[in-house]
Every structure is written in structure tokens, then in C-alpha cells.
Amino acid sequence: MVKNYGLLIDGKWVENKKTLNVLNPFNQKKIASVSIASVAQIKNAIQNSQYAFKKWSRISVKDRSQILKNLFRIVKENKKSLSETITMESGKPISESMVEVDYGASFIEWAAEQSLGSYGKIFESPELDKKMFYIKKPVGVVAAITPWNFPLAMVTRKVAAAIAAGCSVILKPSELTPLTALKFGELSIESGIPSGVFNIINGDAQLIGKLLTESSIVKKITFTGSTKVGKLLMKNSSSTVKNISLELGGNAPFIVFDDANLDEALEGFIAAKFRNAGQTCISANRLFVNEKVFEKFQSMLVNRFKQLRVGNGFDDVDVGPLISNEALEKVESHIKDAAKKGAKLVFGGKRSDAGELFFEPTLVGNVNKQMQIFKKENFGPIIPLVKFKSEKDLIELVNDTEYGLAAYFYTKKTSRIWEIVENLEYGMFGVNSGKISTYLNPFGGLKESGIGREGSLQCLEPFLETKFISWRVND
Ligand code: SIN
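Procedures and definitions
Residues numbered from 1 in each chain as written. Predicted model: local features only at pLDDT ≥ 70, side-chain atom pairs only at ≥ 80, totals over all residues. Heavy atoms only, no water. Helix = DSSP H or I, 4+ residues; strand = E, 2+ residues; numbered from the N terminus. Rg over C-alpha atoms; globule rule 2.2 N^0.38 Å. Buried < 20%, exposed > 50% of the residue type's maximum accessible area, 1.4 Å probe, protein only. Contact = heavy atoms within 4.5 Å. Areas by Shrake-Rupley, 256 points an atom, 1.4 Å probe, with all protein chains shown as cover. Lys, Arg positive; Asp, Glu negative; His and termini not counted. Charge placed at Lys NZ, Arg CZ, Asp CG, Glu CD. Near = heavy atom within 4 Å. Polar contact = N/O pair within 3.5 Å; in protein donor to acceptor, adjacent residues only side chain to side chain. Nonpolar A, V, L, I, M, F, W, Y, C, P; charged D, E, K, R; others polar. Salt bridge = Lys/Arg side-chain N within 4 Å of Asp/Glu carboxyl O. Core = buried A, V, L, I, M, F, W, Y, C linked by side-chain atoms within 4.5 Å. Pairing = 2+ DSSP bridges. Axes fitted to C-alpha atoms, helices over the stretch in contact; angles between N-to-C directions. Parallel < 35°, antiparallel > 145°, perpendicular 65-115°, else oblique. Left-handed = near helix turned anticlockwise from the far one by under 90°.

## Details of the overall build of the chain
And step 1. When its secondary structure is counted, the chain shows 14 helices and 23 strands.
And step 2. Relative to its length of 475 residues, the chain is compact, with a C-alpha radius of gyration of 23 Å against a globular reference of 23 Å.
And step 3. For the chain, the spread of C-alpha atoms along the principal axes amounts to about 80 × 65 × 40 Å.
And step 4. Here the chain holds 475 residues, and 57% of them are scored as buried.
And step 5. A separation of at least 24 residues holds for 72% of the contacts in the chain among residues at least 6 apart in sequence.
And step 6. Roughly 20300 Å² of accessible area belongs to the chain as shown, and the carbon and sulfur atoms make up 53% of that amount.
And step 7. Computed over 63 positive and 51 negative side-chain charges, the inter-centroid distance for the chain is 4 Å.

## Some words on the environment of Glu-332
And step 1. Among the secondary structure elements, Glu-332 is positioned in helix H11 (residues 325-340).
And step 2. Leave out the neighbours within four places in its chain, and Glu-332 touches Arg-351 and Phe-359.

## Overview of the site of the ligand
And step 1. Around the ligand, the structure places 13 residues, and the nearest of them are Tyr-103, Arg-157, Arg-275, Cys-281 and Ser-437.
And step 2. The separation between an oxygen atom of the ligand and a polar side-chain atom of Asn-149 is 3.1 Å.
And step 3. Taking Ser-437, its side chain carries an N or O atom lying 2.4 Å from an oxygen atom of the ligand.
And step 4. For the ligand, whose free accessible area comes to 260 Å², the fraction covered by protein is 99%.
And step 5. Residue classes in the shell around the ligand are distributed as six nonpolar, four polar and three charged.

## As for the side chain of Ser-97
And step 1. With respect to the secondary-structure elements, Ser-97 resides in helix H4 (residues 94-116).
And step 2. Beyond its immediate sequence surroundings of up to four residues, Ser-97 is in contact with Ser-83, Ile-86, Thr-87 and Lys-92.

## Focus: the environment of Ile-217
And step 1. Along the polypeptide, Ile-217 turns up in the loop between helix H7 (205-214) and strand S11 (218-224).
And step 2. Each C-alpha atom of the pair Ile-217 and Ala-52 lies 12 Å from the other, and the pair is 165 residues apart in sequence.
And step 3. Those residues in contact with Ile-217 that sit more than four places away from it in its chain are Ile-46, Gln-47, Gln-50 and Val-141.

## Observations concerning unusual backbone geometry
And step 1. At Gln-28, a residue that is not glycine, the phi angle is positive and equals roughly 60°.
And step 2. Its place among the elements puts Gln-28 in the loop between strand S4 (19-24) and strand S5 (29-35).

## Here's the deal with the pattern of salt bridges
And step 1. Within the structure shown, the criterion is met by 28 salt bridges.
And step 2. Notably, a salt bridge pairs Asp-400 with Lys-369, separated by 2.9 Å at the nearest N-O pair. Residue Asp-400 is located in the loop between helix H13 (391-399) and strand S18 (403-404), and its partner Lys-369 is located in the loop between strand S16 (362-365) and helix H12 (372-375); the two are separated by 31 residues in the primary sequence.
And step 3. The exposure class of Lys-369 is partly exposed, given its relative accessible area of 38%.
And step 4. Look at the salt bridges and you will find they share partners, linking Asp-258, Asp-259, Lys-292, Glu-391 and Arg-416 into a network.

## Quick word on the nonpolar core
And step 1. Ranked by internal contacts, the top residues of the largest apolar core, which has 51 residues, are Val-75, Ile-163, Phe-184 and Phe-198.
And step 2. No other element matches the eight residues that helix H5 (residues 153-165) contributes to this core.
And step 3. The residues contacting Ile-163, other than those within four sequence positions of it, are Trp-56, Arg-64, Leu-68, Val-169, Ile-193, Val-197 and Phe-198.
And step 4. Membership of the second largest hydrophobic core comes to 41 residues, among which are Ile-270, Cys-281, Ile-383 and Ala-406.

## Here's the deal with the sheet that holds S5
And step 1. Strand order across the open sheet formed by three strands is S1-S5-S4, with mixed pairing between neighbours. Edge positions in the sheet fall to strand S1 (3-5) and S4, since each of these pairs with one other strand and no more. Neighbouring strand axes in the sheet, compared pairwise and without regard to direction, differ in orientation by 35° on average.
And step 2. Across six bridges, S4 lies against S5 in antiparallel orientation. Bridge pairing in S5 links Leu-23 to Lys-30.
And step 3. Docked against the sheet, helix H3 (residues 79-90) engages S4 and S5, running at close to 95° with respect to S4.

## Some points on the packing of helix H2 (residues 61-77) against H4
And step 1. One way to put it is that H2 packs onto H4 with a least axis distance of 8 Å and a crossing angle of 165°. Regarding the angle of H2 to H4, the classification is roughly antiparallel. For the pair H2 and H4, the sense of crossing is left-handed. Where H2 abuts H4, its residues Val-61, Lys-62, Ser-65, Leu-68, Lys-69, Leu-71, Phe-72, Val-75 and Lys-76 lie against Val-101, Asp-102, Ala-105, Ser-106, Ile-108, Glu-109, Ala-112, Glu-113, Ser-115 and Leu-116.
And step 2. The class makeup of the residues in the contact of H2 with H4 is 10 nonpolar, three polar and six charged.

## Description of the sheet that holds strand S6 (residues 121-123)
And step 1. Across the sheet, three strands lie side by side as S6-S7-S23; this open sheet has antiparallel pairing. Only two strands of the sheet have a single partner each, and these edge strands are S6 and strand S23 (464-472). Taken over all neighbouring pairs, the strand axes of this sheet differ in orientation by 20° on average, direction set aside.

Next comes the structure, spelled out in C-alpha cells:
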């Protein structure tokens, strides 16, 4: 008998007859069912979040911070079971899930610390009879909509910062991976977060999105996911002029210059490409290699690809399954489109026999910018390889995309590093490093990759409003 999970509304678990199935992407077996929220339940969650906000926003930052520190500790204590749940529902290798729990927990600890340092500002007033200053206040009820690729870390990056700022939160996790979020909900109760401050609803994404965006009680939408859905949320939020943060798609370039340490570049690339089987918005999506080292680096890549172990996330593997059939079909269609337009398969190129939702690590050469594999986010273990000559042409080519999230490059020339960072239209850079994910990173992108930043020293900012006071002293 698989377990049926409810919804977390106002500190209570509420069940519903209508449920959705959660599948293990490794073998498509049902692992749990989750209640689908009704319209009344969604409205109830919104209303109760409003009541909870009124109390929570008046609790001292010291107490808020302490509760979040409890939550941090409890999450760390539950690392094993959380990691297993992540692998079970997302398919990613268990070693990556363990890293995700630490990464996810780090956002809670960081938000707890940042809440203690939250402040406004007092100005030297230009009018002598006045004091002028501003204070920071929580925005109110926050709706957080999170993706399936990091079932814990994308939740904590939003939820912990919002709660630390004094907001209440309604979380809508991905219907593909809701179990980690629900377990996190159980831990939140244990930590002492008061009823109604953190709510979790699941179900029909369109309906939930509509009710949350149209509600005048919900003051903030924070979303991580596709650019397509981000645009829709932005449009729907306009009727209530809602504060919105969006962390959307990417098309990350990974550049290897002729002076790069090729061994380091190779390992950096493997890390940036194959984390979660290429299903992250900062995954390397296009590989640019200077012509002088192209042949050598290509053969290093082929040898390294041969070593990648593909399989069940609970075994000792490097690459797990894709999340769904839709994801697999997209990857496959990008390969077919590239082949039709003249690309050459250098390695891999088809579904893997490791299971139904697996695709082989794939290297595609002879790529041009008309191909889907070059233009679009692949979200899979495939990579187009492009030879470049001049730095000027490279910059134009790399910027020729509507996305601007992460970029990576390897070079030893320090003068070049600044030049590239200045000229590339991206929000985050890995310089001689394929790893950029940390609580210190102001995570977010330019262009259609989103609006706003998460994490970092600014982590509370998206959940705060500014109130300016011009105070004439009249007694
Ligand atoms: C994402 O894929 O959306 C986030 C990845 C990260 O935080 O490292």
C-alpha cells in the first residue's frame, strides 16, 4: 500500500478524495499519492495565511531566526530520509541528493542569520525640521511555486527567506516531486513554525496558479521554472499588480579558451553538464572550444563520456533518468532536428537501455545556430560542441539567445576574465569552475531568464517592502 499525503493548511494535514500519483522516474512505479487541493481548500489556505501573517510579522526577528535555526538542525538530522525521497521521486543519483540536502539546508541557516541583520536607513535630512528614514517590512502572504529538479533546495531558497522576512507562505511544489516538500512540511511543524505560516498545496497547476495570482491577499509570487510559465504568471499577476520574482530558463555557454587547463576544464564541464542529468537551469547547454585545442578536447570528452555510469539513482551512478516522457521526447527531438540540419553525432545520440526514461550522454558536432539544440534549453544529458576562432565572434554567438542565466569559461589569462564577464549578457559566471551553486550566489538571470535574485546577502529583499517616513518634529 502506498502512502497518501495530504495538504498542509493552517498547521493541519488535510486529505482529499481526489489524488495524483507520484512515480519513480527510474521505473515509473507509483510511490505515493498526494491529495489534489479543491478550490475551497486553496482559498482556505490563502485566507489562513493572511491570519498567520498578521501574527508572524509581529514576532521578533530573534525568535523567527531561532525557529529557522531549529528547522535547519532538523533538516540536517533528516538528511538520509530526505535524500532518499529526493532520489525516489526525481531519479537523481543519491550522492547528488545528499549534496542537495546540504545545499537546501544552507539556505535555511543563511536566512535565519540574515533576518538578524535586517535594517532600514536614516538619512541626513535636507529639511532641518524633519527626520527622514525608511524601514523594511514583510510584503505579506507569499505564493512560492517550485520545480521538480531540486525538490528541496528550490523550496528552501524561497520559503526560508520569506519566513525569515516575516511573511507567511503558500507553497505549490511540482506535482512530479511533491513528496520532499511534504516531508519538509512535517519538519517545519516540528521546528516550531506556527500554524498557517507555512502551507503546502498540490494539484492542478493551472488552477492553483490562477487562484494565487488573482488573489488580492497574496502579495508576492516567487517562481522557479520555465520561461513560458513565468510569462503566464507575470501576465496573470498584473490584475493585482503583484510583486513577482522569476527564476526561469537558461542556455548556458561553457567556453574553453586555448590557454585553459584542459583537464580542469573537462571536469568542470562534466560537473556543469551532468548534474541531475543536465536537468538544471544552469546546466551547460552549449560547449564552445577554441580551434587550437578543439581536436584534443573533443577526444578527451569522448573518453570521459565513455566512463559515465548511467542508471538507477540508488546505485553508484553519474547520470540518472529524465523526469518524464515529455522531457525525453524533447531531448530526442533536439537530436533529430540537429541531424536533419547537418549535425554529426560524436558520442551517444539515442535512448539508453538503462530504462524507459534514460538518454545516453550525447555529444553533437557540426552544430549551427539554427538548430534547436543550440537555441533552446535542452534539459538533458546532451551537448552541442562548437569550434570558435576569434573572441569577438564568440561573444556575439554566445549572446545570441533570449536567455541570460549562467555562463562558464576556462582560461588562465586574467585580463581576459574581466573582458568576458563585462561583455557576456549573463547573471552568473563560473570562471575556471563548473560549480556556482551556493547560498552566497545572488541567483538569477538577465533577459528572459528572469527577474530578481534569490539567496545571497540580498535573500530577504524580495520579501520586503520599503516604507519611507518624512517626520516633521512638531513638539
Ligand atoms: C535550478 O536549476 O533552477 C537551480 C539550480 C541551482 O540552484 O543550482
